[in-house]
Structures are given as structure tokens and as C-alpha cells.
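Observations on chain architecture
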Amino acid sequence: MNPTQPSFLVVALLRIVESENEPLAGDLLEEWRAGRPRRWLWTQLLRAVVTTLRQKRAGSAQLLRSVPSGLPGRQGQLLDPATLNLRGPRVASVGGAGLLGIVMVITVVLPQAWFLVFAGVAGGVLIGVATIFLRRGRGLSGPDDSRPLSLFGAVELTDLETRPQVARNGLIRLVAAWSD
Amino acid sequence: MPRELLTDFELMILLAALRVGEQAYGVPIAREIEKTGGRTVALAAVYAALDRLERNGFVSASLGEATPERGGRAKKLFEVTPQGLRAIKQTQRALVALWTDVPQLKGRRA
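The present account deals with the structure reproduced in this document. Worth saying up front: this structure is predicted, and the values here are computed from it rather than measured.

Let's talk about the overall build of chain A
Within chain A one finds six helices and two strands. Tracing chain A from N to C terminus, the helices and strands come up as α-α-α-β-β-α-α-α. Counting all 180 residues of chain A, 24% fall into the buried class. Long-range contacts, defined here as pairs at least 24 residues apart, represent 54% of the contacts in chain A between residues at least 6 apart. In the structure as shown, chain A presents an accessible area of about 12,800 Å², 65% of it carried by carbon and sulfur atoms.

Okay, here's the thing in C-alpha cells:
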């Protein structure tokens, strides 16, 4: 017999499964309490979460396909409803079970690696802020409607300036701005 | 018109449900497959297959009791329909027909 109360993480994952398939969540809990090992529970639970997220995604796509006509996109063209994400910024949209798996592996196997993750995030934020600062200083306007909405897509390349040169020049400007 | 031939996993699930009998839900069906088929199965895969079988009319489902061991969650009991039985027999016939007269398999035990 396993303990009566599963861990917080197990309960959270069971709730995800339960949202689509209540009997499956009940079965997993019943089997675990009957004495199945922890490894069995985690394997089954992760597969159940993946299946649940797939079912939710398939359900959303089916709902969108039932709309008689597509939604208008940029420049008047119709977007394929199956490619739209109308569900908002949920975990499934940023990686879902895969992201959760990566977080668990890092936490269990090499918790020190979180330092690198946070350093990467901090570095990204720093580069972003510095880029905004530099572009403001140069008085550049943002991208117009005819170009993709990408931060680096706004950099104009001249005949004399290649992309590596742009990167180098940007770095020189960044260092110069800091030294001022 | 729904298809009548089953995949190997669907066939195993239907046969396991028949062996379990009235109290056929995810856990005993998965245990039956593990016991007789010698393979570990994911409960999520069992339910995905059962949902598919239900949509095709091969099984019918009803809600069972909710027990404390299940955290108050109800069981989903499955019963093989006459159409499901017909599909099992058709699949068996198709497999036997494929099986017979294969020279490589003659005189060998499985």
C-alpha cells in the first residue's frame, strides 16, 4: 500500500488528466494506492498528461474547423483556422508536457543547472534592454507593416554592411554606450 | 459506415474486456492484457483505444461507482456490443486466413 495522499505535483498532474478523462485519473490513483511503484505512477501519469493535452489540442482544432469561414488575417487573407491559437497563454502553448519534463529533469538530475538557465534569462533581458536603448539613441523607427514584426527584422542592410558587420557594429555601440 | 477490422491493440482490449466481464474498466482491462499478453500497457492508451471503440459502436460505456481509493472519481465501465463481437470474429477470420498456408510458419509452434 502506498501513502494515502499523493504528492502535490502528482495531484496537479492528476487534475490536468481529470479535466479530460475523470475515470483515467481515478484509475491511476487506484492503482498507485494498490501498491504500484512510484516509477510506474510517473510513467503512466506523464503519458496520460501528454494524451490529455493532445486531446485538448485536437478538440480545439475541431472546434475551429467547424467555423464556416476562416478569420481575416493581415492584408485581408484568410488564415487557416487550424494554425490559430485562441486558447491564450497556457502551458500547452509554450511546450506543455515537454517543458514540464525538462523542468523536472533539471531539478532532479542537476539542480545547479538552474543557475545557467537564470543566467541565460538575465542575459537575454540585458541584451533586450540594451538593444532598445541603442535603437532609441539612433532614433530608428520600428518596423512598418510591410515587414514581419521581428525585433531584428527592422535592421536595414545596406550594400556595404553585411549581417555579421551589423552585429559587430551593434556590439561596438553597446560597449561605447556603457563606457560613456 | 464504421470499419469492422480491428488493430491488434483494439483486439486485445476487446478480448480482455470480455474476459473481465461486467466490471470491465481501465484497470482490470490493463491488468488482463499485462497478465495474458505479457506486455505493459499505458492506461492512457487503453482509454484512448476504448474511446475509439466506443465511437465505432464496438463497446458501450456506463458510469460506475466512485470509491475513496479513486479519490471519489467514478469508474467508466465498458461492455462489448454485438457489433464489437462481430468485429472480433471478422478480425479473427482475417488473421486466420492470412496465417494459413504461409510456408515459413508451417510446423512451427508459436
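We are not done yet, so read on.
Here's the deal with the packing of helix α2 (residues 22–33) of chain A against helix α3 (residues 43–55) of chain B
Relative orientation of the contacting elements α2(A) and α3(B) amounts to 150°, with a least axis distance of 10 Å. If you check the angle between α2(A) and α3(B), you find them roughly antiparallel. Here α2(A) and α3(B) pass one another in a crossing that is right-handed. Here A:Pro23, A:Leu24, A:Asp27 and A:Leu28 of α2(A) lie close against α3(B), whose contacting residues are B:Leu43, B:Ala44 and B:Tyr47. Looking at the contact of α2(A) with α3(B) residue by residue, the classes come out as six nonpolar, no polar and one charged.

Notes on the pairing of strand β2 (residues 74–80) of chain B
All names here are of chain B. Of all seven residues in β2, six are buried; the element is thus mostly enclosed. Sheet analysis places strand β1 (residues 59–66) next to β2, joined by six bridges and oriented antiparallel. In the strand pairing of β2, Ser60 is matched with Glu79.

Some points on the environment of B:Glu69
Turning to its location among the elements, B:Glu69 is positioned in the loop between β1 and β2. When sequence neighbours within four positions are dropped, the list of residues in contact with B:Glu69 reads A:Leu29, A:Glu30 and A:Arg33.

Structural notes on the interface of chain A and chain B
Contacts between the two partners involve 21 residues from chain A, matched on the other side by 21 residues from chain B. Roughly 1,700 Å² of surface becomes buried between chain A and chain B when both sides are summed, with 51% attributable to carbon and sulfur atoms. It is A:Pro23, A:Asp27 and A:Glu30 in chain A that bury the most area against chain B; as a group they hold 29% of the surface buried on that side. Remark: the boundary between chain A and chain B carries five salt bridges. Between B:Arg70 and A:Asp27 there is a salt bridge, with the nearest N and O atoms lying 2.5 Å from each other.

Regarding unusual backbone geometry
The phi angle of most residues is negative, glycine excepted, and most peptide bonds adopt the trans form. Located in the positive-phi region is B:Asp101, a residue other than glycine, with phi close to 60°. Relative to the helices and strands, B:Asp101 is located in the segment after α4 (82–99).

Observations regarding the packing of aromatic side chains
Residues and elements named next belong to chain B. Scanning the entire structure with this criterion turns up two aromatic pairs over all chains. A ring pair is formed by Tyr47 and Phe78, whose centres lie 6.3 Å apart and whose planes are at 65°; its orientation type is edge-to-face. With Tyr47 in helix α3 and Phe78 in strand β2, this residue pair connects regions lying 31 residues apart in the sequence. Here Tyr47 falls in the buried class, since its relative accessible area comes to 1%.

Here's the deal with the packing of helix α2 (residues 26–37) of chain B against α3(B)
A pair of packed helices is captured by two measures, namely the crossing angle of their axes and the spacing between those axes. Residues and elements named next belong to chain B. Where α2 meets α3, the closest approach of the two axes is 10 Å, and the angle between their N-to-C directions is 110°. The pairing of α2 with α3 is recorded here as roughly perpendicular in orientation. Facing α2, whose interface residues are Gly26, Val27, Ile29 and Ala30, α3 presents Leu43, Val46, Tyr47 and Leu50. Considering only residue class, the contact of α2 with α3 consists of seven nonpolar, one polar and no charged.

Rules used throughout
Residues numbered from 1 in each chain as written. Chains lettered and ligands numbered in written order. Predicted model: local features only at pLDDT ≥ 70, side-chain atom pairs only at ≥ 80, totals over all residues. Heavy atoms only, no water. Helix = DSSP H or I, 4+ residues; strand = E, 2+ residues; numbered from the N terminus. Buried < 20%, exposed > 50% of the residue type's maximum accessible area, 1.4 Å probe, protein only. Contact = heavy atoms within 4.5 Å. Areas by Shrake-Rupley, 256 points an atom, 1.4 Å probe, with all protein chains shown as cover. Axes fitted to C-alpha atoms, helices over the stretch in contact; angles between N-to-C directions. Parallel < 35°, antiparallel > 145°, perpendicular 65-115°, else oblique. Left-handed = near helix turned anticlockwise from the far one by under 90°. Nonpolar A, V, L, I, M, F, W, Y, C, P; charged D, E, K, R; others polar. Pairing = 2+ DSSP bridges. Buried area = accessible area lost by both parts, 1.4 Å probe. Salt bridge = Lys/Arg side-chain N within 4 Å of Asp/Glu carboxyl O. Phe/Tyr/Trp six-rings, centres within 6.5 Å; stacked < 30°, edge-to-face > 60°.

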